[in-house]
Amino acid sequence: MLDKSSPQKLQYVTILGATGTIGLHTLDVISQHTERFGVFALSANNNVKGLFALCEKYAPKYAVMLQEPAATALSAQLKDISSTTVVLHGEAALCEVSAHEQVDVVMAAIVGAAGLHPAMAAAKAGKRILLANKETLVMAGNLFMQAVLDGGATLLPIDSEHNAIFQVMPQRNGGSLADSTLASLGVKRVLLTASGGPFRNSSLLELKAVTRTQALNHPNWVMGPKITIDSATLMNKGLEVIEAHWLFNAPAEKIDVVVHPQSIIHSMVEYIDGSILAQLGNPDMRTPIAYGLGYPERLSSGVSSLDLLSTARLDFCAPDKLRFPCLRIAYEALNAGGTAPAILNAANEVAVEAFLAEKIGFMDIPNIIDYVLSAANIENVESITQLVAVDLLARQTSTAKIKALC
Ligand code: NDP
């Protein structure tokens, strides 16, 4: 059990995935507002060196490693510097520091399906959730949105596109849009912008030969490896379409994707009167993070002003679902509903990991996901336990398919 004795003066933040790109950006923004935010807990998977450095700098009350050996090593290192940070480990501990009564804000920035349980715990405990982990909504959109509603949580999207849409949507019910329809808000459609990734202009032949190093080189954003590959395949945009569906109660046909290579417009909302409202800024995740931390106030983020004169032009084109089949597959999974998006997510995670390990080619990623989805039995989503089983089965099918390819 965690100690519940210390008084709360500041807004206390738990950062899940603190050693990652979003986690570090969050700490950067928090450091600019120490009069307002305190760090309650920081978590990582097994990056002892990274979490040790953060514990030394931010002195959180708790540090959580997923892996026990990593937690033991971190604990020993912190003891050597007489740190008071308590080290915990495992998924249950991640849930505990997300739901703890002293915590006000949870930054959900673990990568992948591993982020689901702690995000659910934060939702049930009624926290302000800054949701970067889009996989939670892709896997369990209906259950998570219901948990947010039942728990009285405040859900603020951190993905730059959804944060942009949130900013230009009419603000209702303390920011929650999920219980309104687009029509009732006068919204015709939402437009998600996509940079198009590093291979926007590559031919199919060139895409087949893409290497790990090339795919990890995103033109506009600095991100963790999984989302960087997702951006290169356009699966990231596909996952974001599903995320937008749940966040904004938007049917698939009202969510369009527009390729915008400069990544200056982060997304748009079209209203029935013909107005299109957009949110613009330099591509820097500290803007949506500061928005989420300060909401409904605005906080400085350290992001430099957008120089429109040097930007000069903004280009747009349609995404090519033939060269980038992951986007097509994601729309199909959304339309199929039920467990299809969870299966898509699991197959994608396994395929991306295999690509990063240089076991499969770039264009094998959509082929594996297509295969796993077509082999799967799509069911209605009833529970998290069911989704965990569905996720596991999809991972086993994906792994078997990858073995057959190697
Ligand atoms: P990173 O890979 O940079 O960081 C991932 C974090 O999660 C690390 O702290 C890592 O710990 C931790 N982690 C990894 N696996 C596990 C696990 N199994 N259990 C617990 N913790 C784990 O990812 P990003 O920061 O880039 O992305 C995080 C999330 O935010 C993703 O869902 C991504 O889609 C989303 N997002 C990211 C954006 C970006 O600009 N980076 C933009 C919009 C959304 P360790 O260091 O020990 O491995």
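A quick note: this is a predicted structure, and the numbers were derived from the prediction, not measured.

Reading guide: rules and limits
Residues numbered from 1 in each chain as written. Predicted model: local features only at pLDDT ≥ 70, side-chain atom pairs only at ≥ 80, totals over all residues. Heavy atoms only, no water. Near = heavy atom within 4 Å. Polar contact = N/O pair within 3.5 Å; in protein donor to acceptor, adjacent residues only side chain to side chain. Areas by Shrake-Rupley, 256 points an atom, 1.4 Å probe, with all protein chains shown as cover. Helix = DSSP H or I, 4+ residues; strand = E, 2+ residues; numbered from the N terminus. Nonpolar A, V, L, I, M, F, W, Y, C, P; charged D, E, K, R; others polar. Pairing = 2+ DSSP bridges. Axes fitted to C-alpha atoms, helices over the stretch in contact; angles between N-to-C directions. Contact = heavy atoms within 4.5 Å. Phe/Tyr/Trp six-rings, centres within 6.5 Å; stacked < 30°, edge-to-face > 60°. Buried < 20%, exposed > 50% of the residue type's maximum accessible area, 1.4 Å probe, protein only. Lys NZ or Arg CZ within 6 Å of the ring centre and 35° of its normal. Core = buried A, V, L, I, M, F, W, Y, C linked by side-chain atoms within 4.5 Å.

Q: Sorry if this is basic, but what is going on with the site of the ligand here?
A: In the vicinity of the ligand lie 25 residues, with Thr19, Asn45, Asn46, Glu135 and Gly224 positioned nearest. A distance of 3.0 Å is found between an oxygen atom of the ligand and a backbone nitrogen or oxygen belonging to Thr21. Taken by itself the ligand offers 900 Å² of open surface, and the protein chains cover 87% of this. When contributions to the shell around the ligand are tallied by element, the ones reaching two or more residues are helix H1 (21-31), helix H6 (134-151) and helix H10 (225-233). Residue classes in the shell around the ligand are distributed as 13 nonpolar, nine polar and three charged.

Q: Please clarify how the sheet that holds strand S8 (residues 187-194) should be interpreted in this entry.
A: Strand pairing in a sheet is mediated by backbone hydrogen bonds. Such pairs are either parallel or antiparallel. Spatially, the four strands line up as an open sheet ordered S9-S8-S10-S11, and their pairing is mixed. Looking at which strands have only one partner, the edges of the open sheet turn out to be strand S9 (255-259) and strand S11 (276-280). Across the sheet, the mean angle separating the axes of adjacent strands is 20° when strand polarity is ignored. Where helix H7 (residues 160-168) meets the sheet, its contacts fall on S8, strand S10 (265-271) and S11, and the angle it forms with S10 comes to roughly 40°.

Q: In this structure, what is going on with the packing of aromatic side chains? I would like to understand it.
A: Aromatic ring pairs are reported here in terms of the distance separating the ring centres and the angle at which the planes meet. A complete count under the given rule lists six aromatic pairs for this structure. On the numbers, 5.5 Å between centres and 55° between planes, the contact of Phe40 with Tyr62 is tilted. Residue Phe40 is found in strand S2 (residues 37-44), and its partner Tyr62 is found in strand S3 (residues 62-65); the two are separated by 22 residues along the sequence. Each member of the pair, Phe40 together with Tyr62, is buried. Measuring from ring centre to ring centre gives 5.7 Å for Phe355 and Phe362, while their planes differ by 65°; the resulting arrangement is edge-to-face. Judged by its relative accessible area of 3%, Phe355 is buried. Residue Phe362 is classed as buried on the basis of its relative accessible area of 2%. One aromatic cluster is present, built from ring pairs that chain together Phe166, Tyr291 and Tyr295. Lying over the aromatic face of Tyr331, Lys321 brings its terminal NZ or CZ to 4.5 Å of the ring centre. Sitting above the plane of the Tyr371 ring, Lys401 keeps its charged end 4.4 Å from the centroid.

Q: In this structure, what is going on with the pairing of S9? I would like to understand it.
A: Two faces belong to every sheet, and in a regular strand the side chains alternate between them. Where burial is concerned, most of S9 is hidden: four out of the five residues are buried. Relative to S9, S8 is paired through five bridges, and the arrangement is parallel. Within S9, the position partnered with Leu191 by the bridge is Asp256.

Q: I would appreciate a short explanation of the nonpolar core in the present structure.
A: The tendency in soluble globular proteins is for nonpolar side chains to be buried side by side. By size, the foremost hydrophobic cluster in this structure holds 135 residues, and its most contacted members are Leu51, Phe144 and Leu344. With 12 residues, helix H15 (residues 340-356) is the single largest residue contributor to this core. For Phe144, the contacting residues outside a window of four places in its chain are Ala119, Met120, Ala123, Ile129, Leu131, Thr136, Leu137 and Leu155.

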